[in-house]
Amino acid sequence: MNDTTPAILLNEATASAYVAAAGFRVGPVGRVGVELEYCVRDPRRPLHRPAPERLLGLLAQLGNPLPGGSAVTIEPGGQLELSSSVGASLTECTNALAGDLALVRAALAEHGLYLDGTGLDTVRRPRLVTNHPRYVALAEYHDRSGTRGRTVMTNSASIQVCLDSGTDENGSEADEWSHFARRWWLADAIGPVLMAAFANSPHVTRAGRRWASYRQGLRFGTDASRTRAPRRTADPRTAWARYALAAKVAMVAPAEDESVDEHANGPWLVPNGLTMRDWLRGHGPRPVTLSDLERHLGTLVPPVRPRGYLELRMMDQQAGDDWIVPVAVVTSLLDDPEGAQAAADATEHLRSPLRRHRDWLGAARDGLSDPALAAAALACFTAAESVLARRGAPLPMRDAVAEFVDRYVLRGRCPADDAPQQRERRMGVVSTG
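Draft legend 1. Summary view of the overall build of the chain. What the chain contains, in helices and strands, is 17 helices and 9 strands. Taking 22 Å as the expected radius of gyration for a compact globule of 433 residues, we find that the chain reaches 21 Å, a close match to that expectation. For the chain, the spread of C-alpha atoms along the principal axes amounts to about 55 × 55 × 50 Å. Here the chain holds 433 residues, and the buried ones make up 54% of them. Counted over contacts in the chain with a minimum sequence separation of 6, partners at least 24 positions apart contribute 76%. Surface accessibility of the chain: about 18,200 Å² in total, with carbon and sulfur atoms responsible for 52%.

See below:
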């Protein structure tokens, strides 16, 4: 929209229809996108957070987007995010992103900065480094229920793998895993296994409870209406629309016109207990517009989020160049029919439809120390290795997956199980070819 476009007002029926349609855009599968988040550190000043303006200035000579097509943005705690261009294949996407990441690392290293390959910064206190009203409002919303939400906003880093939603036609048996409903189901099925295998934010609470992925533990400890996985139903579109409308609204912009400076009209409203459905039924400060709904959808962070494509958000950031491993594994298990069937067979018995959230919590807490998760992970990773070999993936990528399997999966371990000194050594960059 622009400043001459009238606001598009919504009611409950139109909003529900929009969410259902926009969440799953159907078409052929095979494209891959990746978002890498990193906490930026200065070893000379461990408590210092480099300002966003400084980070963007240091990278300005590289261009934005970067030569490989990746966009550079700064998250509210100063985390640096690289959003790859959409690759027509796994290899195309990862090659371009690896090149861009190498340029960013080199540019930052010239000034003594490095990208921290862990899922959670446990050294620096949570702090916003932006005064953007959207983030200020979101932080205020989270602060009402404790410190978890602000910590996730400012101190966490993840790997997000984005794949096509899938087709809307039932084809041959070999193609059944390309259907969007089956892909949604499979992404949810393998999600806890991926969360456990790539858990890389260890923490022991004051009560003595150990978490392998404390990043996810913190996230699940915030607003459940916006962080838990949607219920599994036969119709993903309806399920997602119900989830989105039942979720609480974190912020309301004071002006609808997104073309004006968002700082110009003062602070944003932070409602208390208002769901999107309530707002659509007339209980909010004003009628709901399409921009309001889109902004709301952008604040929903379940482990798998449909944004027209499937966005898998449950994986912690990894050390060095191990980010390529979850990208390769996820793509192999979702985009290849044999890989998909093997993953479904390996994880079906793990699912607890009536208590699904328990599965996610257990994966975040235990990692692969849970024998059932460890066995499922081994089956999934073995299937992924087979897919990568059969499809002729680059040898460095296959070697990276094989090394990860040997170091962690075969031993029922995850990166969170590394001793601190091992994690520090593995922060160095290794070549992926």
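Draft legend 2. Region of the structure containing the pattern of salt bridges. Counted according to the given criterion, the structure contains 31 salt bridges. Here Arg105 makes a salt bridge to Asp321, at a shortest N to O gap of 2.6 Å. In this pair, Arg105 sits in helix H3 (residues 90–109) while Asp321 sits in the loop between strand E9 (309–316) and helix H12 (324–335), placing the two residues 216 residues apart along the sequence. Classification of Arg105 as buried rests on a relative accessible area of 16%.

Draft legend 3. Layout of the packing of H12 against helix H16 (residues 395–407). Axis separation between H12 and H16 bottoms out at 9 Å; the angle between their running directions is 100°. For the element pair H12 / H16, the angle class is roughly perpendicular. Here Ile324, Val325, Ala328 and Val329 of H12 come into contact with H16, specifically with Met397, Ala400, Val401 and Phe404. For the contact of H12 with H16, the per-class residue count stands at 8 nonpolar, no polar and no charged.

Draft legend 4. Main features of the state of the cysteines. This structure, assessed with the given rule, holds 0 disulfides. No disulfide involves Cys93; its sulfur sits 8.9 Å from the nearest other cysteine sulfur, which is in Cys162. In this structure Cys414 is a free cysteine whose sulfur lies 16 Å from that of Cys380, the closest cysteine sulfur available.

Draft legend 5. Highlighting the confidence of the model for the chain. Here the chain shows a mean pLDDT of 92. Residues at 70 or above account for 91%. With pLDDT under 50 throughout, residues 1–5 is counted as low confidence; its partners more than four residues away or in other chains account for 7 contacts. This stretch, residues 428–433, has a pLDDT under 50; its non-local contacts, to residues over four places away or in other chains, come to 12 contacts.

Draft legend 6. Representation of the pairing of strand E3 (residues 80–83) within the structure. Burial along E3 is two-sided: the face carrying Leu80 and Leu82 and the face carrying Glu81 and Ser83 are both buried. Relative to E3, strand E1 (residues 32–41) runs antiparallel, the two being bridged by 4 bridges. Counted as the bridge partner of Glu37 is Glu81 from E3. Where strand E2 (residues 71–74) hands over to E3, the hairpin turn is made up of 5 residues, of which Gly78 adopts a positive phi near 95°.

Draft legend 7. Summary view of the packing of aromatic side chains. Overall, the coordinates contain 9 aromatic pairs when judged by the stated rule. Their ring planes at 40° and their centres at 5.0 Å tell us that Phe198 and Phe404 sit as a pair that is tilted. One end of the pair, Phe198, is in the loop between helix H6 (180–197) and strand E6 (203–204); the other, Phe404, is in helix H16, and 206 residues separate them in sequence. With respect to class, Phe198 is no different from Phe404; both count as buried.

Draft legend 8. Structural detail: the environment of Glu348. By the secondary structure assignment, Glu348 is in the loop between helix H13 (337–347) and helix H14 (356–366). For Glu348, a relative accessible area of 41% translates into the label partly exposed.

Draft legend 9. Seen up close, the nonpolar core. Residues Leu312 and Phe381 are the most contacted members of the largest nonpolar core, which totals 108 residues. No other element matches H6, which puts 12 residues into this core. In this structure Phe381 touches Ala197, Phe198, Val325, Val329, Phe404, Val405 and Val409, once residues within four positions along its chain are discounted. Of all hydrophobic cores here, the second largest spans 11 residues; its members include Leu128, Met153, Ala250 and Ala253.

Draft legend 10. Fine view of the packing of helix H15 (residues 371–390) against H16. It is the contact of H15 with H16, at a shortest axis distance of 10 Å, that shows an interaxial angle of 165°. Taken together, the axis directions place H15 and H16 in an arrangement best described as roughly antiparallel. Regarding H15 and H16, the two cross each other, and that crossing is left-handed. Residues Phe381, Glu385, Leu388 and Ala389 of H15 pack against Met397, Arg398, Val401, Ala402, Phe404 and Val405 of H16.

Draft legend 11. Structural context of H12. When the terminal C-alpha atoms of H12 are compared, their 16 Å separation across 12 residues agrees well with the 16 Å that a helix rising 1.5 Å per residue should span. Buried residues dominate H12, accounting for 12 of its 12 residues. Of all the positions in H12, only Ile324, Val325, Pro326, Val327, Ala328, Val329, Val330, Thr331, Ser332, Leu333, Leu334 and Asp335 are classed as buried.

Draft legend 12. A look at the side chain of Arg313. Summarising the element assignment, Arg313 is placed in strand E9. Here Arg313 falls in the buried class, since its relative accessible area comes to 11%. Setting aside anything within four residues of it in sequence, one finds Arg313 in contact with Gln160, Arg215, Gln216, Arg219, Val301, Pro302, Pro303 and Arg305.

Draft legend 13. How the structure looks around the pairing of E9. For E9, the tally of buried residues reaches 7 of 8 residues, placing the bulk of the element in the interior. Both strand E5 (residues 158–164) and E9 contribute to a ladder of 6 bridges, which runs antiparallel. The residue of E9 that forms the bridge with Asp164 is Tyr309. Where strand E8 (residues 304–306) folds back on E9, the antiparallel hairpin that results is connected by 2 residues, among which Gly308 adopts a positive phi of roughly 95°.

Draft legend 14. Broad picture of helix H4 (residues 133–143). Among the residues making up H4, those that are buried are Pro133, Ala137, Leu138, Ala139, Tyr141 and His142. The inward-facing, buried residues of H4 contact helix H5 (148–155) and helix H8 (224–227).

Rules used in this analysis
- Residues numbered from 1 in each chain as written.
- Predicted model: local features only at pLDDT ≥ 70, side-chain atom pairs only at ≥ 80, totals over all residues.
- Heavy atoms only, no water.
- Helix = DSSP H or I, 4+ residues; strand = E, 2+ residues; numbered from the N terminus.
- Rg over C-alpha atoms; globule rule 2.2 N^0.38 Å.
- Buried < 20%, exposed > 50% of the residue type's maximum accessible area, 1.4 Å probe, protein only.
- Contact = heavy atoms within 4.5 Å.
- Areas by Shrake-Rupley, 256 points an atom, 1.4 Å probe, with all protein chains shown as cover.
- Salt bridge = Lys/Arg side-chain N within 4 Å of Asp/Glu carboxyl O.
- Axes fitted to C-alpha atoms, helices over the stretch in contact; angles between N-to-C directions.
- Parallel < 35°, antiparallel > 145°, perpendicular 65-115°, else oblique.
- Nonpolar A, V, L, I, M, F, W, Y, C, P; charged D, E, K, R; others polar.
- Disulfide = S-S within 2.5 Å.
- pLDDT = per-residue confidence, 0-100.
- Pairing = 2+ DSSP bridges.
- Phe/Tyr/Trp six-rings, centres within 6.5 Å; stacked < 30°, edge-to-face > 60°.
- Core = buried A, V, L, I, M, F, W, Y, C linked by side-chain atoms within 4.5 Å.
- Left-handed = near helix turned anticlockwise from the far one by under 90°.
- Expected span 1.5 Å × (residues − 1).

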